[in-house]
Amino acid sequence: MLVALAGGVGGARLLSGLVQVVDPAEVTAVVNTGDDMTLHGLHISPDIDTVVYTLAGVHNRSTGWGVATESWNVMDELERLGGETWFRLGDRDLATHLYRTQRLGEGARLHEVTTELARARGVEVRVLPMSDDAVRTRLVLAESAGGVAAGTEVAFQHYFVGLRHAVTVSSVRFDGVAEASPAPGVLDAIGEAEAVVVCPSNPVVSIGPILAVPGVRKALVARREQVVAVSPIVAGAALKGPADRLLVELGHESTVVGVARLHAEWVGTLVIDERDAHLKDAVEAQGVRAVVAPTIMSSPQVAGSLAAVVLDAAR
Ligand code: GDP
Ligand code: CA
């Protein structure tokens, strides 16, 4: 059995590689829910949905989020009504949020609903939210942007989608995390896995919330030699999103060395891109074994080969 810690797109990409090289039923994905939000009264779990849509093969390949062959009738109508349309929800995607919200309203827990949604889409990977409890990533802006004053704390999607993450941040916190518990199965899976794979997801706002759930970091430290991470930073930059800027804004280095230093306590091996091969020794000086491989998953083939490298490194 394998565990993979995942955010959205980077997580989904590596998971789609892992299921090419191991039985999907042997993979447990522990997914960030710090990006979750309530909008139009609906519970939206963007990272879980990205992972499930990708593994089901129904994802939109160009955006990385949402469903391919989507229509936008509801958003168009909502726009005419003057409703909130800044966070785009396609017609098919909305069915997911309706289902989730209704089941949670009936008293089902998020991990149960996630299992139901994954099964309904034929996904064999066990997809678990990091927690059933509400954990919400919030960021304090270091400068004013979009009518929001510097020093104001905003919700994750306000920063990420509303402000298009084009603003500097002075701090990040995970509201509710101290009172949260890992979802049932998360700690057992980490404890029993032959390898724990850390997908190339945003270290601050995708992996950060998972690590902050009480008990998770300790469970990972205990498995350090079997923990293999893939760097989301390639040649000093993120492939998409604000990972590079957030690292720097929060006092880290936006390089594979910075990633190694940040995770050295619980990551035994870091897979770095060929373009960072010259930094192998500097990574190892952080006490983290470095493996060099092509990590830009531009095709399913690259994702599959990268997954094989990751598994080799863990064994
Ligand atoms: P989000 O939740 O959709 O924003 O995505 P994640 O947190 O999973 O991932 C964002 C990070 O994944 C960015 O830092 C990207 O650089 C990284 N990433 C995405 N695709 C790839 C890839 O193919 N290879 C590597 N090495 N990193 C990737
Ligand atoms: Ca995300």
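No experiment lies behind these values; they were computed from the predicted model shown.

**What about the overall build of the chain?**
Then step 1. When you go through the chain residue by residue, the secondary structure sums to 13 helices and 14 strands.
Then step 2. Here the C-alpha radius of gyration of the chain, 19 Å, is about what a compact globule of 315 residues would show, namely 20 Å.
Then step 3. With the principal axes as the frame, the chain shows a C-alpha extent of 60 × 45 × 40 Å.
Then step 4. Considering only intrachain contacts with a sequence separation of at least 6, the fraction spanning at least 24 residues in the chain is 67%.
Then step 5. Total accessible area on the chain is roughly 12,900 Å²; 51% of this is exposed by carbon and sulfur atoms.

**Points about the packing of helix α2 (residues 46–56) against helix α4 (residues 91–105)**
Then step 1. Following both chains from N to C, one finds α2 and α4 inclined at 120°, their axes separated by 12 Å at the closest point. In terms of axis orientation, α2 runs oblique to α4. Crossing geometry of α2 relative to α4 is assigned as right-handed. Every residue of α4 that contacts α2 at I48, D49 and Y53 is listed here: D93, T96, H97 and R100.
Then step 2. Here the contact of α2 with α4 is built from residues that sort into two nonpolar, two polar and three charged.

**Regarding the pairing of strand β1 (residues 2–6)**
Put simply, side chains in a regular strand alternate between the two faces of the sheet.
Then step 1. When you tally the buried positions in β1, you get five out of five residues, the bulk of the element.
Then step 2. Burial along β1 is two-sided: the residues L2, A4 and A6 and V3 and L5 are all buried.
Then step 3. Note on the crossover from β1 through helix α1 (residues 9–21) to strand β2 (residues 27–31): the handedness is right-handed.
Then step 4. In terms of strand pairing, β1 meets strand β9 (residues 195–198) through four bridges, oriented parallel.

**Considering the coordination of the calcium ion (ligand 2)**
Tetrahedral metal sites with four donors have an ideal angle of 109.5 degrees; octahedral sites with six donors have ideal angles of 90 or 180 degrees.
Then step 1. Taken together, D35 (OD), D47 (OD) and D47 (OD) make up the protein donors of the calcium ion (ligand 2), found 2.1 to 2.7 Å from the metal. Separated by 12 residues along the polypeptide, D35 in the loop between β2 and β3 (37–39) and D47 in helix α2 bring together distant segments of the chain.
Then step 2. D35 sits in the buried class, given a relative accessible area of 6%.
Then step 3. For D47, a relative accessible area of 7% gives the class buried.

Rules and cut-offs
- Residues numbered from 1 in each chain as written.
- Chains lettered and ligands numbered in written order.
- Predicted model: local features only at pLDDT ≥ 70, side-chain atom pairs only at ≥ 80, totals over all residues.
- Heavy atoms only, no water.
- Helix = DSSP H or I, 4+ residues; strand = E, 2+ residues; numbered from the N terminus.
- Rg over C-alpha atoms; globule rule 2.2 N^0.38 Å.
- Contact = heavy atoms within 4.5 Å.
- Areas by Shrake-Rupley, 256 points an atom, 1.4 Å probe, with all protein chains shown as cover.
- Axes fitted to C-alpha atoms, helices over the stretch in contact; angles between N-to-C directions.
- Parallel < 35°, antiparallel > 145°, perpendicular 65-115°, else oblique.
- Left-handed = near helix turned anticlockwise from the far one by under 90°.
- Nonpolar A, V, L, I, M, F, W, Y, C, P; charged D, E, K, R; others polar.
- Buried < 20%, exposed > 50% of the residue type's maximum accessible area, 1.4 Å probe, protein only.
- Right-handed = clockwise from strand over helix to strand, strands pointing away.
- Pairing = 2+ DSSP bridges.
- Donors = N, O, S within 2.8 Å, 3.2 Å for Na, K, Ca; no water.

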